[in-house]
Amino acid sequence: MDKILLIEDTLEERKKLESAINDAIKSYGLHEVLELEVLQNTNEDLNFMFPDNSVKDTQALEDRLSTYLNSRKDIKLLVIDHDLSGFKNDKLSEPVISIASHSSSIPLIRYARINRKSVDTLADAIDAGSEFSIKIDTKNPTEAAKKIINAYDGFSKIKNAIEILDDTQRSKGPSSIIANITNAKTQEDNFWMYVSGASLLKELVELNEVMIAQSLNDEQKNKLVIDRLSYIIGYWFYNIILTFPGVILNKIATSSYLHITQQDLEQNQQFFEPAKYNGPFSLTDEYWWKEKLDEILDQEEVDTGFDLLAKNGIHVEKQEGGYYCIMTQQAISFEDSRSLSWLPNGAILSKVDKNLYDQYAPFFGEY
């Protein structure tokens, strides 16, 4: 049975998240393959996670925790609070867990209970390109739980798909692997345009160096490649490709691109169903392929989704938009937006509100 390990030092928050995650596991039919494990606030439990490290011959806390995580093949996802000071234990902290999870190739979700602003969303997006973690907001435990099990499901699907690829397919690079996994070979070049916005290539080079340095047999080498590729590509796909709309569009970006509201998109999904994305990380979130949306519009000889609905006798109010603001996470028009120089080349629909751009651009090296 796969496990999600929740590490939260506040009893009230722990209970809320535990209940919400268990409900989500049942609601999305994962109860036969997945269960939640909650770290209890006892020194016995905490110390158990830091065994004497005879494997790596080091007593660094992150290495000792990594040894424990490597022994727990059932843990597929870690979910942790940013502040773990309530445990009253000097071993367990977010930095230690982050380093250990990265070393063990176990995906990590982090959260902090703070009032977030638009600039925080942009800062998270910037960090996502170089960090190996996923940040979520737990203000609404139900929505947070959906994101948690969606992350578990997405990483699992990527790993399962990579396992059945042969060595030749795996060696073709991340963009080819994702194109293969998502059955979108026509998008391979577009996926490649996102690589420049991530630390992906550095990690792949380091993976090769590790395999060279260690005396591994073919079976061990194969397992290391699958585990590491799944981990690295999963983050790249979630934090870069899905975060910055261009090839695959979230619901807000899709409705904006079609010049209709989210509600009108939901009520008239049958017109856009052929463009629906059903790959990794789509268990609880909805996405659409931009290329397939364009094909639908071209076939119907219309310019926008608004025009398509009107052609079929459905009258809705046309929305100004076309793009997605990564700070406000709302629809935005070309005229009211600005581009950011550091965005991945493939993120052609990702913009920033021009007023927010003028306010924050100096802090992000745009001037």
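So, here is what we can say about the structure in this document. Numbering of residues begins from 1 in every chain and follows the order in which that chain's sequence is written. Thresholds applied to this predicted model are a pLDDT of at least 70 for local features of residues and 80 or more for the giving and counting of side-chain atom pairs; totals over whole chains, interfaces and linings are not thresholded and use all residues. Only hydrogens and water are set aside; all other atoms, that is, all heavy atoms of the structure, feed into the side-chain values.

This part covers the pairing of strand S4 (residues 108-111). For every residue, the accessible area (1.4 Å probe, protein chains only) is compared with the maximum for its type, and the residue is labelled buried under 20%, exposed over 50%, or partly exposed between those bounds. Helix and strand assignments come from DSSP, with helices taken as H or I runs of at least 4 residues and strands as E runs of at least 2, each series counted from the N terminus. Here S4 shows two buried faces, one formed by Leu108 and Arg110 and the other by Ile109 and Tyr111. At least two bridges found by DSSP between two strands are what make those strands a pair. As paired elements, strand S3 (residues 75-81) and S4 share four bridges and run parallel to each other. Residue pairing in the sheet places Leu78 in a bridge with Leu108 of S4. In the classification by handedness, the crossover that spans S3, the intervening helix H4 (residues 94-104) and the parallel S4 is right-handed. Note that S4 and strand S5 (residues 134-136) share three bridges and pair parallel. Along S5, the bridge assignment pairs Ile109 with Ile134. A clockwise path from the first strand over the helix to the second, with the strands pointing away from the viewer, defines a right-handed crossover.

Next up on the list: the environment of Thr261. Tracing the chain through its elements places Thr261 in the loop between helix H12 (251-258) and helix H13 (262-267). Sequence-wise, Thr261 and Lys318 are 57 residues apart; in three dimensions their C-alpha atoms are separated by 8.1 Å.

This part takes up H12. Most of H12 sits out of view: seven of its eight residues are buried. Within H12, the full set of buried residues consists of Ile252, Ala253, Thr254, Ser255, Ser256, Tyr257 and Leu258. The N-terminus of H12 is capped by Asn250, whose side-chain oxygen sits 3.1 Å from the backbone nitrogen of Ile252. His259 sits one or two residues past H12 and shows a positive phi near 65°. The term polar contact refers here to a pair of N or O atoms within 3.5 Å; inside protein, the definition further demands a hydrogen-donor-capable atom paired with an acceptor-capable atom, and it admits residues adjacent in sequence only when both atoms are side-chain atoms.

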